[in-house]
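Residue strings, one per chain:
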Amino acid sequence: MPERFEVGLPDGVRLNVEATGPTDAQVTVILLHGWTLDGRAWHRQVDALTAAPFGGAVRVVAYDARGHGRSSCMALPTATVAQLGDDLAAVIDAVAPTGPVVLVGHSMGGMTIMEYAHRHPTHFAARTAGLVFVSTTAEGHTHTVYGLSPRIARLIRLAETTGAGVLARCGSWRAPRALLNALQPSIRWMLFGDSCEPADIRLVTSAVARASLRSIGGFRASIGTQHRLDTLAALAHLPAAALVGDRDRLTPPPCAESIAAALPATELTVCPGAGHMLMMERPDEVNAALTGVLRRVLTEAPHAITAETGA
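Residues numbered from 1 in each chain as written. Predicted model: local features only at pLDDT ≥ 70, side-chain atom pairs only at ≥ 80, totals over all residues. Heavy atoms only, no water.

The protein chain is annotated in an unreviewed UniProt entry as Pimeloyl-ACP methyl ester carboxylesterase from Micromonospora ureilytica.

Quick look at the structure:
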C-alpha cells in the first residue's frame, strides 16, 4: 500500500503526496499530473513500476498539484506554472532529499518540469537524472487547434480564456458532479482518442470534480503563454522520452516533435489513435518509455551518487 502524507509549502499550501517503495531507493520517480487532474491519473504507471523487476532500487512518488485533488487551494496569484516549478523543487527536497530523480510529466506536469529547470537550474542539474514527457508542450497553445480549423479554434480559445477568467474568481468552490456528468461526452471528445474505457472517463470526471474552480480557471493563462524550448535545449545530455497521441487535440504531435528537436537524444513515440490521456489510453507504451529511461539512469546512478556524495 502507498504511504500517504502531506508536504507543506512556504505560502501555507499543503500538497497531498503518495509514495511507494523504500525511502533509501537508488532512484526516485516523481509523477506530475496534468491540469484539472490529480495523482490518480498515474495509477497504471505506479502499478507497473511496483511490479517491475527493480527490487528496492526505485521509489515512486505522485502528488496532487496545488488546488487539485486532495491538495489545498491557493491564492489566485500563485495559480501559475512558474509557481508549480517552485513547488516541484520543494517536493523533491521533502520526499527525495538525496539521490537522483526521474521526472515524469503529463501536460501541465511536463510544463512544470520545464519551469523547474528554468527557475532552479542548479537544483535541477544536481538532482535530475532522467525525463519523460507525456502529451505536453514547451510552446504554450501555439499548436493547439483542438483538431478543428484555425478559425474555429480561435473562437474556442477566446471562449475558453473568458470562461477561465470567470472560474478563477470562484475560489475554492468545485464544479457540481451532476454538471460534470452531463459534460462527460465533451470531456471524452476533448481528452481521449479513438477509444476510451468507461473507468477512465469516470476517473477523469472525478478528478475534475476535486479541482477547485480557482485552479481550473487560474492556471489557464500561464499554460497558454509558457515557452521553454530554450530551457529544454540545455538538458540534451539527460536520458529522456517524449510521447504523444496522433489524436491529441490539446498537445498535438508538433508539440512533442519540437520537444524531441530540442532534445535530440530523446526517444519520440507517436501513438496512433490515442488522444491526450496517454497514461490511460496507452499505458504499455508509457510504461515501456519510463522503464527504458529508468534502466539507463540506474546504470549510471552509482556514478551520479558518487559524484554527489564526494565518495
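Still more ground to cover, so stick around.
**Q** Can you help me understand the layout of surface pockets in this one?
**A** A water-sized probe, rolled over the atoms, reveals where empty space remains. One number sums up the size of the largest pocket: a volume of about 1,000 Å³. Trp35, Thr36, Glu160, Met190 and Leu250 are the residues nearest the centre of the largest pocket, which is lined by 40 residues in total. If you tally residues by element for the lining of the largest pocket, the top one is helix H5 (residues 150-168), at 6 residues. Looking at side-chain class alone, the lining of the largest pocket contains 24 nonpolar, 14 polar and 2 charged residues. Each pocket or cavity is described by its volume, and for the second largest pocket that value is around 290 Å³. As for the second largest pocket, its lining consists of 19 residues, of which Pro2, Glu18, Gly39, Arg40 and Ala62 are closest to the centre. Mapped onto the lining of the second largest pocket, the elements with two or more residues apiece are strand S2 (14-20), helix H1 (43-51) and strand S4 (58-63). (1 Å grid on protein atoms, 1.4 Å probe; cavity = no way out; pocket = protein on both sides within 12 Å on 5 of 7 lines; lining within 4 Å. Points joined across faces, edges and corners; volume = space filled by probe spheres on them. Helix = DSSP H or I, 4+ residues; strand = E, 2+ residues; numbered from the N terminus. Nonpolar A, V, L, I, M, F, W, Y, C, P; charged D, E, K, R; others polar.)

**Q** Looking at this model, I keep getting lost on empty space enclosed by the protein. Mind explaining?
**A** By the definition in use, this model includes 1 cavity of 30 Å³ or more. Of the pockets and cavities examined, the largest cavity occupies roughly 70 Å³. Per element, the largest residue contribution to the lining of the largest cavity is 3 residues, and it comes from helix H3 (residues 108-119). Of the residues that constitute the lining of the largest cavity, the class distribution is 5 nonpolar, 3 polar and no charged.

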